[in-house]
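What follows is each chain in one-letter form.
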Amino acid sequence: MSEIKENLEKIRDRISTAARRAGRSADSVRLVAVSKKMPFEKVQEAMACGQMLFGESYLQEARQKIASIGAGPTWHFIGHVQSNKAKGAAELFDTIETVDRLKLARELDRNLAEAGRQMSILIQINIGREAQKSGVLPEGAEALLAKINELPNLQIKGLMTMPPFLPDPEAVRPYFRQLRLLAEKLEKSGLLGLHGKVELSMGMSGDFEVAIEEGATLVRVGTAIFGDRPY
Ligand SMILES: *Cc1c(COP(=O)(O)O)cnc(C)c1O
């Protein structure tokens, strides 16, 4: 059995177990296979094992990979989007998980209007308030969501976060919990949940089980599937 296949099976098992432990159904969590820096052959290998949802972080790299692979999988953008790259991002991706400012949202909306379509987005929250990280601060989320909800071509599906990097997954738990509580608050205020069930994108290779216990509906897993990135 190929390594990717073995890894995917293990991760799917661990996702189901964590979901059940949290009293949730296994299919309430979707696995985003993060294929950044991985050649398209690895993506195809994962597709052969039934994985059809991928995350990419770099626009130029993703453009080539998606062109090589063609129609089939669903692609989420999980990297930083410069506002002047909004057009490309809007063309390539099903969902952009990292919308964190109004300028970018407006650019996306304008490009989508020209293309005559709508797209799903997540709002990236800087839950750990780290200076070097992207994302809107928790206290800025309400105002940002209110504004973005006015844009006709963007549908806010939920929140995404990259918490502080801490080797012990239990140390990250409070941040995951804070994201869930923030989402609940925004939903109560009528700012979130306008386009179906609220998505929470949180958890990576080292901590996705804890994230699921805290309510993740999307986990973004790279190295645990594909191995160490080549650069
Ligand atoms: C690279 C990346 C991941 C995956 O990280 P792994 O530790 O390889 O699982 C998840 N989310 C984002 C935003 C990333 O950039």
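First, a word on scope: everything that follows refers to the structure included in this document. (Residues numbered from 1 in each chain as written. Predicted model: local features only at pLDDT ≥ 70, side-chain atom pairs only at ≥ 80, totals over all residues. Heavy atoms only, no water.)

**Description of the site of the ligand**
Thought 1: Taken together, 13 residues surround the ligand, and among them Lys36, Ser205, Arg220, Gly222 and Arg229 come closest.
Thought 2: Separating a nitrogen atom of the ligand from a side-chain N or O atom of arginine 220 is a distance of 2.8 Å.
Thought 3: The backbone of glycine 222 places a nitrogen or oxygen atom 2.8 Å from an oxygen atom of the ligand.
Thought 4: Residues belonging to the shell around the ligand are distributed by class as follows: six nonpolar, four polar and three charged. (Near = heavy atom within 4 Å. Polar contact = N/O pair within 3.5 Å; in protein donor to acceptor, adjacent residues only side chain to side chain. Nonpolar A, V, L, I, M, F, W, Y, C, P; charged D, E, K, R; others polar.)

**Observations concerning the packing of aromatic side chains**
Thought 1: As enumerated under the stated definition, the model contains two aromatic pairs in all.
Thought 2: Each ring, one from phenylalanine 54 and one from tryptophan 75, has its centre 5.5 Å from the other, and the planes form 35°; the classification is tilted. Highlighted residues: phenylalanine 54 in strand β2 (residues 53-56) and tryptophan 75 in strand β3 (residues 74-77), separated in sequence by 21 residues.
Thought 3: The exposure class of tryptophan 75 is buried, given its relative accessible area of 4%. (Phe/Tyr/Trp six-rings, centres within 6.5 Å; stacked < 30°, edge-to-face > 60°. Helix = DSSP H or I, 4+ residues; strand = E, 2+ residues; numbered from the N terminus. Buried < 20%, exposed > 50% of the residue type's maximum accessible area, 1.4 Å probe, protein only.)

**A word on unusual backbone geometry**
Across the chain, the bulk of peptide bonds are trans and the bulk of non-glycine residues have phi less than zero.
Thought 1: Phi at lysine 37 is positive, roughly 65°, even though this residue is not glycine.
Thought 2: By the secondary structure assignment, lysine 37 is in the loop between β1 (30-34) and α2 (40-48).
Thought 3: One non-glycine residue, arginine 129, lies in positive phi territory at about 55°.
Thought 4: By secondary structure assignment, the location of arginine 129 is in the loop between β5 (119-125) and α6 (141-148).

**Details of the nonpolar core**
Thought 1: With 67 residues, the main nonpolar core has Phe93, Ile96, Ile123, Ile148 and Leu159 as its most contacted residues.
Thought 2: Residues within four places of leucine 159 in sequence aside, it is in contact with Leu122, Ile123, Ile125, Leu179, Leu182, Ala183, Leu186, Leu192, Glu199, Leu200 and Ser201.
Thought 3: By size, the runner-up hydrophobic cluster in this structure holds five residues, among which are Leu53, Leu122, Met160 and Leu218. (Core = buried A, V, L, I, M, F, W, Y, C linked by side-chain atoms within 4.5 Å. Contact = heavy atoms within 4.5 Å.)

**What about the side chain of glutamate 97?**
Thought 1: Residue placement: glutamate 97 occurs in strand β4 (residues 95-99).
Thought 2: The buried charged residue glutamate 97 lacks any salt bridge, with arginine 220 as its nearest oppositely charged partner at 4.3 Å.
Thought 3: Reaching out from glutamate 97, the side chain makes a polar contact with the side chain of histidine 76 at a distance of 2.7 Å.
Thought 4: Setting aside its immediate chain neighbours within four residues, glutamate 97 contacts Val32, His76, Phe77, Ile78, Leu122, Ile123, Gln124, Met160, Ser201, Leu218 and Arg220. (Lys, Arg positive; Asp, Glu negative; His and termini not counted. Salt bridge = Lys/Arg side-chain N within 4 Å of Asp/Glu carboxyl O.)

**A short note on a negative patch on the surface**
Thought 1: A contiguous patch of negative charge on the surface is contributed by Glu3, Glu6, Glu9, Asp13 and Glu45.
Thought 2: The greatest single-element share of the negative patch, amounting to four residues, is contributed by helix α1 (residues 3-21).
Thought 3: Tracing the backbone through its elements, the reader meets aspartate 13 in helix α1. (Patch = residues over 30% accessible without salt bridge, like charges linked within 9 Å, V, L, I, M, F, W, Y side chains within 5 Å. Areas by Shrake-Rupley, 256 points an atom, 1.4 Å probe, with all protein chains shown as cover. Charge placed at Lys NZ, Arg CZ, Asp CG, Glu CD.)

**Thoughts on the side chain of aspartate 207**
Thought 1: Mapped onto the secondary structure, aspartate 207 falls in the loop between β7 (199-201) and α8 (208-213).
Thought 2: Here aspartate 207 occupies a buried position and makes no salt bridge, while the nearest side chain of opposite charge, arginine 220, is found at 7.3 Å.
Thought 3: Polar side-chain contacts of aspartate 207 include one of 2.7 Å to the backbone nitrogen of methionine 204.
Thought 4: With residues up to four places along the chain from it excluded, the contact list for aspartate 207 reads Pro169, Val172 and Phe176.

**What to know about the packing of α2 against helix α3 (residues 59-69)**
Thought 1: Contact geometry for α2 and α3: axes closest at 10 Å, N-to-C directions at 50°. Accordingly, the angle class assigned to the pair α2 and α3 is oblique. Crossing of α2 against α3: the hand is right-handed. Note on element contacts: α3 touches α2 through Lys65, Ser68 and Ile69, opposite Phe40, Val43, Gln44 and Met47. (Axes fitted to C-alpha atoms, helices over the stretch in contact; angles between N-to-C directions. Parallel < 35°, antiparallel > 145°, perpendicular 65-115°, else oblique. Left-handed = near helix turned anticlockwise from the far one by under 90°.)

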